[in-house]
Amino acid sequence: MTSIPTRRLGGLTVGAQGLGCMGMSHAYGASDDAQSIATLHRALDLGVTLLDTSDFYGKGDNEELIGRALAAPGRREQAVVATKFGFANRLGEPTVIRGDAAYVRQACEASLRRLGLDHIDLYYVHRVDRNVPIEETVGAMAELVAEGKVRHLGLSEASAATIRRAHAVHPIAALQSEWSLWTRDIEAEVLPVCRELGIGIVPFSPLGRGFLTGRYTSLDALEQTDMRRTQPRFADGNLEKNLAIVERLEALAAEKGVTAGQLALAWVQHRGDDVVPIPGTRREKYLTENVAAATLELSADDLAAIDAAAPAEAVAGSRYDETSLTFVNA
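You'll find the chain entered in an unreviewed UniProt entry as Aldo/keto reductase, with Streptomyces mobaraensis given as the organism.

Below is the structure:
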């Protein structure tokens, strides 16, 4: 039985909260596929229908994991599968982004095979190729829609100008970009354009890569292979300053009888009915905690207090390293 309401991303209906699946196979330490599949099934049971992956995560392993989870009887019908393309050398150095028409088709066919599906519900440009006109990239994606291999199109970390140009070629259902209490980059230019064009917003890392939950008070809490060890906001000096934000959130959360993570996630949920955040987890315990935030009511006073506790200018460090920042807002 669905425990959360639904929302619209363009012409696509999904649960009001989705599930980011990256950490099940990539970037956050050791994996446990059995645990992850159990969490995926539990998410679907709770009405978390949007499952978000990419051909980049685990060099395709994450798509294969999603495919195995959805191969169970009745599961494919419950899910809205979103995947992405664009990182052509998959964790190689230097990073290669491709959005040319030939690569779009090649990537889609490979994702369909790994997922074991006949179509992708929502297909994103993971990062925009600055060397290829977005009209070519989206034009090739539109051909996939015409062929029935893809149902809806999306962009990720795209600039306002790129979104306009893409939408003129084919309707864009969703923009996936980082948005949370400590990352507000899209609010000035990108968000207004999306709302003008009727494009839904899918915030990734709505919990600040887990930092806003309060579970990470030092790098010692992270596995050696965890990518957060290399990110500026988790670095010595910045981490201590950012922990002060979490402490203020924890005080507010205690007053409402919830966790800091639930409060931070509910703040994102309250950004609008066109917003479907995709917090990531591979554990049922945290999934259940996150889902509860989808229906947590916050008053105008609550929201103001949260904003005061976590002002954007108080966040120490950039959200990515210098190289990764070159691939956003493209």
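In this structure, what is going on with the packing of aromatic side chains? I would like to understand it.
Two aromatic rings are characterised by how far apart their centres lie and by the angle between their planes. Following the criterion strictly, the structure yields six aromatic pairs and no others. Consider the rings of F85 and Y123, whose centres lie 5.0 Å apart with planes at 35°: the pair is tilted. One end of the pair, F85, is in strand β5 (residues 80-85); the other, Y123, is in strand β6 (residues 120-125), with 38 residues separating them in the sequence. Each member of the pair, F85 as well as Y123, carries the same accessibility label: buried. Taken together, the ring pairs connect F56, Y57 and F87 into an aromatic cluster. Over the face of the ring belonging to W182 we find R233, whose NZ or CZ atom lies 4.9 Å from the ring centre. A cation sits over an aromatic face here: R271 above W267, 4.1 Å from the ring centre.

Help me understand unusual backbone geometry in this model?
It is generally the case that most residues other than glycine have a negative phi and that most peptide bonds are trans. Located in the positive-phi region is S205, a residue other than glycine, with phi close to 50°. As for its placement among the helices and strands, S205 is situated in the loop between β9 (200-204) and α8 (238-256).

The rules we used
- Residues numbered from 1 in each chain as written.
- Predicted model: local features only at pLDDT ≥ 70, side-chain atom pairs only at ≥ 80, totals over all residues.
- Heavy atoms only, no water.
- Phe/Tyr/Trp six-rings, centres within 6.5 Å; stacked < 30°, edge-to-face > 60°.
- Helix = DSSP H or I, 4+ residues; strand = E, 2+ residues; numbered from the N terminus.
- Buried < 20%, exposed > 50% of the residue type's maximum accessible area, 1.4 Å probe, protein only.
- Lys NZ or Arg CZ within 6 Å of the ring centre and 35° of its normal.

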